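Fold and geometry: a report
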Amino acid sequence: MSALARPTHGRVIGGVCAALARRFGTSATTMRVIFLLSCLLPGPQCVLYLALWILLPAEGRPGRTAW
């Protein structure tokens, strides 16, 4: 498993699904489909995505957030 950081290449929106896919060894497309299917269930999935977008550092800038 690699470190959890948003990649600079392969992003669609914020790179959260790509980062999670890299961390758990799946494809980014698979992770995006899982996320979209989970949005059909009740819960704070979109809030969690936004929080991870803010909290995960961008690749190449350890310890810094994207903003």
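Relevant structure appears above.
The following paragraphs examine the structure supplied in this document. Remember, it's a predicted structure, so these values are computed and weren't measured experimentally. (Residues numbered from 1 in each chain as written. Predicted model: local features only at pLDDT ≥ 70, side-chain atom pairs only at ≥ 80, totals over all residues. Heavy atoms only, no water.)

A look at the packing of aromatic side chains
- Applying the stated rule across the entire model yields 2 aromatic pairs.
- A centroid spacing of 5.3 Å and a plane angle of 40° characterise the contact between Phe 35 and Tyr 49, whose relative ring orientation is tilted. Within this pair, whereas Phe 35 is found in helix H2 (residues 28-38), its partner Tyr 49 is found in helix H3 (residues 45-55), the two being separated by 14 residues in sequence.
- The class for Phe 35 is partly exposed, based on a relative accessible area of 22%.
- The exposure class of Tyr 49 is buried, given its relative accessible area of 13%.
- An angle of 70° between the planes, with centres 6.1 Å apart, marks the rings of Tyr 49 and Trp 53 as edge-to-face. (Phe/Tyr/Trp six-rings, centres within 6.5 Å; stacked < 30°, edge-to-face > 60°. Helix = DSSP H or I, 4+ residues; strand = E, 2+ residues; numbered from the N terminus. Buried < 20%, exposed > 50% of the residue type's maximum accessible area, 1.4 Å probe, protein only.)

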